[in-house]
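# Residue-level structural notes
If you want the building blocks of each chain, they are given just below.
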There are 2 protein chains.
Amino acid sequence: MNDIYALLEKNNLSRTPCRVEILKTLSQAGSALSESEIRDKLEYNFDRTTVYRTLRNFLNQNVIHSISLEGGEVRYAMTPAKDKPHGTHHVHFYCNNCSGVYCISHKPFDTPGLPVGFYPENFDLLVHGKCNKCNA
Amino acid sequence: MNDIYALLEKNNLSRTPCRVEILKTLSQAGSALSESEIRDKLEYNFDRTTVYRTLRNFLNQNVIHSISLEGGEVRYAMTPAKDKPHGTHHVHFYCNNCSGVYCISHKPFDTPGLPVGFYPENFDLLVHGKCNKCNA
DNA sequence: TTATATTTGCAACAAGGTTGCAAATATAGT
DNA sequence: ACTATATTTGCAACCTTGTTGCAAATATAA
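For clarity, every value in this text was computed on a predicted model and none was experimentally measured. (Residues numbered from 1 in each chain as written. Chains lettered and ligands numbered in written order. Predicted model: local features only at pLDDT ≥ 70, side-chain atom pairs only at ≥ 80, totals over all residues. Heavy atoms only, no water.)

### Considering the relation of the copies chain B and chain A
If you rotate chain B by 179° and push it 0.0 Å along the axis, it lands on chain A with an RMSD of 0.1 Å. The transformation relating the two chain copies, once decomposed into turn and shift, fits a two-fold axis. Comparing interface residues between copies, 100% of those in chain B also sit at the interface in chain A, which points to an isologous, same-surface contact. (Least-squares fit on C-alpha atoms with pLDDT ≥ 70 in both. Contact = heavy atoms within 4.5 Å.)

Right, dumping it as structure tokens:
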């Protein structure tokens, strides 16, 4: 709880109920959540707009990040502390069984060669497979 | 043009105007297109629904594939012939300058180690940077 | 305690995508 | 050629995700 307050202060964000609840929800969730999943989990029923605006603020300040899945689905998750400022190699894992999305962002990986004239700046890798819970 | 007819036949899809036009558009386009970009380029004005249904058919048969970008934007592109049946390593390039999306699907790459219990099945890598046109 | 800035809710909207149903086309079967 | 059947198309309606404008509420500063 104190880490949430600290995180807000570090980013010059006032301690509003919606912000606190969203951060609490995201940090308690084991995996990345969609906006509607987040809103369902909030204690108080904030308006959709308010939640979206709060998420956008968090995204801008890199407090959270978004993961885009196949078919345009978007999930939101806390940005791991070590990732600030955000590195260039991002890894996420999508479980084909339970649809859970996990940040594996601290794992570096080798990047492929590209055709002549293409210069890479950063890399987003989405690994599909079975997560630890679904394999147990 | 004959390759398009052949592609349809190979997938047991009848040669309907909408199918032919969409495949023509996608194979002429240098980069992946969104549904609205596709529809704008079609000679005849097909209904949105028809285009979506056609795209869905093509996706199911792996004639085309979709690429999900940051923020939930989805683009569609021909599946390169060599990729059928689709492999496990997919690479796409997003140009930060012109927003073009290119398939680099024939490039293999090394995949990262994963936490215990996570078993990978396939990999989608989106490389961000500057494309060959924007660097020229 | 007034003045100002921030946050919230509401209504409305836009884009992407889907579904149901009926009209139009094509494909067979005889 | 002529029904009978299946496929494709268009239209209207709808859902979800996300945004914008504006006014009310709340917090912050002077």
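### Overview of the state of the cysteines
Residues and elements named next belong to chain A. Under the criterion given, the structure shown has zero disulfides over all chains. With no disulfide of its own, Cys95 lies 3.7 Å from the sulfur of Cys98, the closest cysteine sulfur. On the basis of relative accessibility, which here comes to 0%, the residue Cys95 falls in the buried class. (Disulfide = S-S within 2.5 Å. Buried < 20%, exposed > 50% of the residue type's maximum accessible area, 1.4 Å probe, protein only.)

### So, the packing of aromatic side chains
All chains considered together, the criterion is met by eight aromatic pairs over all chains. Look at Phe93 of chain A and Phe118 of chain B: their rings are 4.9 Å apart centre to centre, the planes differ by 85°, and that puts the pair in the edge-to-face class. One end of the pair, Phe93 of chain A, is in strand β3 (residues 89–95); the other, Phe118 of chain B, is in the loop between β4 (101–103) and β5 (119–130), on a second chain. As far as burial versus exposure is concerned, Phe93 of chain A and Phe118 of chain B are alike and both buried. What links up through ring pairs into an aromatic cluster is the set Phe93 and Tyr102 of chain A together with Phe118 of chain B. It is Arg15 of chain A that lies over the ring of Tyr5 of chain A; its NZ or CZ is 3.8 Å from the centre. (Phe/Tyr/Trp six-rings, centres within 6.5 Å; stacked < 30°, edge-to-face > 60°. Helix = DSSP H or I, 4+ residues; strand = E, 2+ residues; numbered from the N terminus. Lys NZ or Arg CZ within 6 Å of the ring centre and 35° of its normal.)

### Re the interface of chain B and chain A
Across the contact, 37 residues belong to chain B and 37 residues belong to chain A. Across the chain B to chain A interface the summed buried area is about 3000 Å²; carbon plus sulfur atoms make up 59%. Viewed at the interface, chain A and chain B are joined by zero salt bridges. If you list the elements that add at least two residues to the side of chain B that touches chain A, you get β3 (89–95), β5 and α5 (132–135) of chain B. Residues that form the side of chain B that touches chain A fall into these classes: 20 nonpolar, eleven polar and six charged. The sheet contact formed by strand β5 (residues 119–130) of chain A and β5 of chain B spans eleven bridges and is antiparallel. By the bridge assignment for β5 of chain B, Phe123 of chain A is matched with Val127 of chain B. (Buried area = accessible area lost by both parts, 1.4 Å probe. Salt bridge = Lys/Arg side-chain N within 4 Å of Asp/Glu carboxyl O. Nonpolar A, V, L, I, M, F, W, Y, C, P; charged D, E, K, R; others polar. Pairing = 2+ DSSP bridges.)

### Quick notes on the protein's contact with DNA strand C
Surrounding DNA strand C, one finds 19 residues, the nearest of these being Arg19, Thr50 and Arg53 of chain A together with Arg48 and Tyr52 of chain B. In DNA strand C, atoms within 4 Å of the protein come 54% from sugar and phosphate. Within the side chain of Thr50 of chain A, one N or O atom sits 3.0 Å away from a phosphate oxygen of DNA strand C. Between Tyr76 of chain B and DNA strand C, the recorded distance is 3.1 Å, taken from a side-chain N or O atom to a phosphate oxygen. When contributions to the surface near DNA strand C are tallied by element, the ones reaching two or more residues are α2 (17–28) and α4 (48–60) of chain A together with α4 (48–60) and β2 (74–78) of chain B. The dominant element in the surface near DNA strand C, judged by the number of residues it contributes, is α4 of chain B, at five residues. Classifying every residue of the surface near DNA strand C by side-chain character gives seven nonpolar, five polar and seven charged. (Near = heavy atom within 4 Å. Polar contact = N/O pair within 3.5 Å; in protein donor to acceptor, adjacent residues only side chain to side chain.)

### Quick look at the pattern of salt bridges
Residue and element names in this part refer to chain B. Per the counting criterion, the structure on display carries six salt bridges over all chains. Of the charged contacts, one joins Arg15 and Glu9 as a salt bridge, the two residues approaching to 3.7 Å between their closest N and O atoms. Across the pair Arg75 and Glu73 runs a salt bridge, and its minimum N-O distance is 2.8 Å. A residue is classified by how much of its surface remains accessible, and Arg75, at 6% relative accessible area, is buried.

### Points about the sheet that holds β3 of chain A
Read from one edge of the open sheet, six strands run β4(A)-β3(A)-β5(A)-β5(B)-β3(B)-β4(B), paired in mixed fashion. Of all the strands in the sheet, the pair left with one neighbour each is β4 (101–103) of chain A together with β4 of chain B. Mean inter-strand twist for the sheet, computed between neighbouring axes without regard to direction, equals 25°. With seven bridges connecting them, β3 of chain B and β5 of chain B associate as parallel partners. (Axes fitted to C-alpha atoms, helices over the stretch in contact; angles between N-to-C directions.)

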